[in-house]
Amino acid sequence: MDLTYTPEEEEFRAGLRKWLKGVLPSLPAKPSPDDWPGRRAYDLGWQRMLYDAGYGDVHWDASPTVRLIFLEETERAGAPYVGANFVGLLHAGPTIAAEGTEAQRARWLPPVLRGEQVWCQGFSEPDAGSDLAALRTRAWRDGDDYVVSGSKIWTSHAEVADWCELLVRTDTAAPRHRGISWLAMPMDAPGITVRPLRTLAGSAEFAEVFLDEVRVPVANRVGDENDGWRVTMVTLSFERGTAFVGEVVACRRVLGDLAREARKNGRWDDPVLRRRLGRLNAEFRALWRLTQWNVSEAEASGGVPGVGGSVFKLRYSHTRQDLYDAAADVLGPEALDLDRPWTLDRLSSLSYTIAAGTSQIQHTIVAERILGLPKGR
């Protein structure tokens, strides 16, 4: 394992820093959080700027280490987050790059890189809960198409998406992990109904999606029929392995801001709070080293993060919640003010032990695939 950077990688870092310093002051104001068409246009515009500058393909054409540097530096510079491009750039795109055919890569990847199309994720279902393999959305063959019926929930950015990475059951008689297929579904196909969901934090980046005999070409299947669970594990390895890199950097910045706020409002005099912030500093430093370790492992295994991503995701989810609980301690009664920094972040942090696989699921993965413990019955 090598956690150092090569001269070429440091040269990439320096060039990226210089470009960010020059371009960020010229960006327009961000649209309102509730203006999803505006946010889509803003996020696609930023992606187009990255593409024109030669940074558009860093999420899957570059090495994992270069990808890590990119996410680290853009977050530190305060560059726009991927936003509505989250699924396309960090989930679906890397999966198609790793598992798609040459024709599929040529069809779907360039529009994402150029900031022309948005993807959403159609994995979770109302009756499946955390057990993703219990999905019931059906897809049956009819000539050159699959006919899909069912429903999805927590579908990220569905209201502004052009495509959906969709999990469907193509063989109801097969063992549940072996009867699933991974499809790319156009969101303008007849039979799709999208109903936005409002979260506790007041945002509406999720939606319910209802599918009534939607026709999806067989050519849109990534991987073999009934091999979708394996392809999904590739998707989730990216989601748990590298998608949260920028957020770790952001959390470390928030921690520094909390310490400064505590010194300003007198809370720094509390030794219990100081110890808590110190422990969080150690936690996030360890998480950053774990991220580097996971990236090093991915370099050695062809670019796809391994099960170490589950260790990271498990610890990060709880540490993020601890961070914003500490923020509430620093703010005191003002932590109830939704207009104060960190209050909405505290509400959204509650979802992190559920999103991208619950903590219970991550415990199981770590137990079975890393520690070699026997599977439960």
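Coordinates for the structure precede this section.
Student: I tried to follow the overall build of the chain on my own but got confused; where do I start?
Tutor: Within the chain one finds 11 helices and eight strands. Counting the 377 residues in the chain, one finds 51% classified as buried. Sequence separation of at least 24 residues holds for 74% of the intrachain contacts in the chain that already meet a minimum separation of 6.

Student: Sorry, what's going on with the pairing of strand 1 (residues 119–122) here?
Tutor: The side chains of a regular strand alternate, residue by residue, between the two faces of the sheet. Here strand 1 shows a buried face lined by Trp119 and Gln121 and a second buried face lined by Cys120 and Gly122. Where strand 1 meets strand 4 (residues 163–169), four bridges bridge the pair, whose relative direction is parallel. Along strand 4, the bridge assignment pairs cysteine 120 with cysteine 164.

Student: What should I look at first to understand empty space enclosed by the protein in this one?
Tutor: To locate leftover empty space, one rolls a probe as large as a water molecule over the atoms. In total, this model carries two cavities of 30 Å³ or more according to the counting rule given. Taken as a whole, the second largest cavity encloses approximately 30 Å³ of empty space. Breaking the lining of the second largest cavity down by element, the ones donating at least two residues are helix 9 (308–331) and helix 10 (343–349). With four residues, the top contributor of residues to the lining of the second largest cavity is helix 9. Of the residues belonging to the lining of the second largest cavity, the class tally is six nonpolar, one polar and one charged.

Student: Before we go on, may I ask you to explain the nonpolar core in this structure?
Tutor: It is characteristic of soluble globular proteins that their nonpolar side chains tend to be buried jointly. Counting residues in hydrophobic clusters, the biggest one holds 42 residues, and the most contacted among them are Trp46, Phe284 and Leu323. Counting residues per element, the ones that place at least two in this core are helix 1 (7–23), helix 2 (36–52), helix 3 (64–76), helix 7 (245–265), helix 8 (271–300) and helix 9. Among all residues touching leucine 323, those that are not within four sequence positions of it are Cys251, Val254, Leu255, Leu258, Leu280 and Phe284. Trp60, Val82, Leu167 and Val231 belong to the second largest nonpolar core, which has 26 residues in total.

Student: Would you explain the pattern of salt bridges in this entry?
Tutor: Side-chain pairs of opposite charge can arise where the charged atoms are in close proximity. Considering all chains together, one arrives at 23 salt bridges under this definition. The salt bridge partner of glutamate 73 is arginine 17, with a shortest N-O separation of 2.8 Å. Separated by 56 residues along the polypeptide, glutamate 73 in helix 3 and arginine 17 in helix 1 bring together distant segments of the chain. Residue glutamate 73 is classed as buried on the basis of its relative accessible area, which comes to 4%. Between aspartate 227 and arginine 230 there is a salt bridge, with its nearest N and O atoms 2.9 Å apart. Given the relative accessible area of 23%, aspartate 227 is considered partly exposed. Salt bridges here are not isolated pairs; linked through shared partners, they connect Glu10, Arg13, Arg17, Glu72, Glu73 and Arg76.

Student: For this particular structure, what's the right way to read the packing of helix 4 (residues 86–99) against helix 5 (residues 102–113)?
Tutor: Two measures define how a pair of helices packs: the angle their axes make with one another and the distance between the axes. As a packed pair, helix 4 and helix 5 sit with axes 10 Å apart at the nearest point and diverge in direction by 160°. The orientation of helix 4 with respect to helix 5, classified from their angle, is roughly antiparallel. Here the hand of the crossing between helix 4 and helix 5 comes out left-handed. Where helix 4 approaches helix 5, its residues Gly88, Leu89, Gly93, Ile96 and Ala97 are matched on the opposing element by Gln104, Arg105, Trp108, Leu109 and Val112. Of the residues that constitute the contact of helix 4 with helix 5, the class distribution is six nonpolar, three polar and one charged.

Student: What is the right way to look at unusual backbone geometry in this model?
Tutor: Residues apart from glycine generally show negative phi values, whereas peptide bonds are mostly found in trans. Non-glycine residue tryptophan 154 carries a positive phi angle of around 55°. On the basis of relative accessible area, tryptophan 154 is assigned to the partly exposed category, the value being 47%. Even without being a glycine, glutamate 213 presents a positive backbone phi close to 55°. When you line up the elements, glutamate 213 lands in strand 7 (residues 206–217).

Student: How should helix 5 be read in this particular structure?
Tutor: For the α-helix, the turn length of 3.6 residues means that residues three or four positions removed from each other point alike. For helix 5, with 12 residues, the first-to-last C-alpha span of 16 Å sits near the 16 Å given by 1.5 Å per residue. Buried residues of helix 5: Gln104, Trp108, Leu109, Pro111, Val112 and Leu113, and no others.

Student: Please clarify how helix 3 should be interpreted in this entry.
Tutor: For helix 3, which comprises 13 residues, the first-to-last C-alpha distance of 18 Å matches the rise-based estimate of 18 Å (1.5 Å per residue) to within 8%. Looking at helix 3, one finds that the buried residues are Pro64, Thr65, Val66, Arg67, Leu68, Ile69, Phe70, Leu71, Glu72, Glu73, Thr74 and Glu75. Two residues or fewer past helix 3, glycine 78 is found with a positive phi of approximately 75°.

Student: I would appreciate a short explanation of the side chain of glutamine 104 in the present structure.
Tutor: Counting through the fold element by element, glutamine 104 comes out in helix 5. Looking at glutamine 104, the relative accessible area reads 7%, which means it is buried. Among the polar contacts listed, one links the side chain of glutamine 104 to the backbone oxygen of arginine 221, at a separation of 2.7 Å. Excluding residues within four positions of it along the chain, glutamine 104 makes contact with Ile96, Leu109, Ala219, Asn220, Arg221 and Val222.

Student: Got a minute to help me understand the packing of aromatic side chains in this structure?
Tutor: Note on aromatic pairs: each is described by the distance of the centres and the angle between the planes. One pass over the full model with this rule turns up eight aromatic pairs. Ring centres 5.6 Å apart and planes at 70° place the aromatic pair tryptophan 108 and tryptophan 163 in the edge-to-face group. Placement of the pair is tryptophan 108 in helix 5 and tryptophan 163 in strand 4, with a sequence separation of 55 residues. As far as burial versus exposure is concerned, tryptophan 108 and tryptophan 163 are alike and both buried. Between tryptophan 119 and tryptophan 163 the ring centres are 5.9 Å apart and the planes differ by 20°, which places this aromatic pair in the stacked class. Of this pair, tryptophan 119 sits in strand 1 while tryptophan 163 is found in strand 4, placing the two residues 44 residues apart along the sequence. A relative accessible area of 1% places tryptophan 119 in the buried class. Look at tryptophan 163 and you get buried, because its relative accessible area is 10%. Here the aromatic residues Phe12, Trp19, Trp46, Tyr55 and Phe70 are joined through ring pairs into a cluster of three or more.

Thresholds, definitions, all that
- Throughout, residues of each chain are indexed from 1 in the direction in which the sequence is written.
- Residues qualify for local features only when their pLDDT is at least 70, as the model is predicted, and side-chain atom pairs are given and counted only at 80 or more; totals for whole chains, interfaces and linings, by contrast, use all residues.
- Based on all heavy atoms of the structure, the side-chain values leave hydrogens and waters out of the count.
- Here a strand is any run of E in DSSP of at least two residues, a helix any run of H or I of at least four, and the numbering for each starts at the N terminus.
- Each residue is assigned to one of three classes by its accessible area relative to the maximum for its type, calculated with a 1.4 Å probe on protein chains only: buried under 20%, partly exposed between the two thresholds, exposed over 50%.
- Here a residue-residue contact requires only that any non-hydrogen atoms of the pair lie within 4.5 Å.
- Think of it this way: DSSP has to see at least two bridges between two strands before they count as a pair.
- Cavity and pocket criteria rest on a 1 Å grid covering protein atoms alone: a 1.4 Å probe that fits but cannot get out defines a cavity, protein on both sides within 12 Å along at least 5 of 7 lines defines an open pocket, and an atom within 4 Å of a point defines a lining residue.
- Grid points are joined across faces, edges and corners, and a volume is the space filled by probe spheres set on the points.
- Note that Gly is not counted as nonpolar here; it falls among the polar residues with everything else outside the nonpolar set of Ala, Val, Leu, Ile, Met, Phe, Trp, Tyr, Cys and Pro and the charged set of Asp, Glu, Lys and Arg.
- Among buried residues, those of type Ala, Val, Leu, Ile, Met, Phe, Trp, Tyr and Cys that are joined through side-chain atoms within 4.5 Å constitute a nonpolar core.
- By salt bridge we mean one thing: a side-chain nitrogen of Lys or Arg within 4 Å of a carboxyl oxygen of Asp or Glu.
- Geometry is summarised by axes, namely lines fitted to C-alpha atoms with helices restricted to the contacting stretch, and by angles between N-to-C directions that run from 0 to 180 degrees.
- Here the word oblique covers every angle except those under 35 degrees (roughly parallel), over 145 (roughly antiparallel) and from 65 to 115 (roughly perpendicular).
- Throughout, a crossing is termed right-handed when the near helix is turned clockwise from the far one, and left-handed when it is turned anticlockwise from it by less than a right angle.
- By definition here, a helix of n residues has an expected span of 1.5 Å times n minus one.
- Within 3.5 Å is the distance limit for a polar contact, defined as a pair of N or O atoms, with the added protein rule that one can donate a hydrogen and the other accept it, and that residues adjacent in sequence qualify only through two side-chain atoms.
- Ring geometry is summarised as follows: Phe, Tyr and Trp rings, the Trp one being its six-membered ring, pair when their centres sit within 6.5 Å, and such pairs are stacked at plane angles under 30 degrees, edge-to-face over 60 and tilted between the two.

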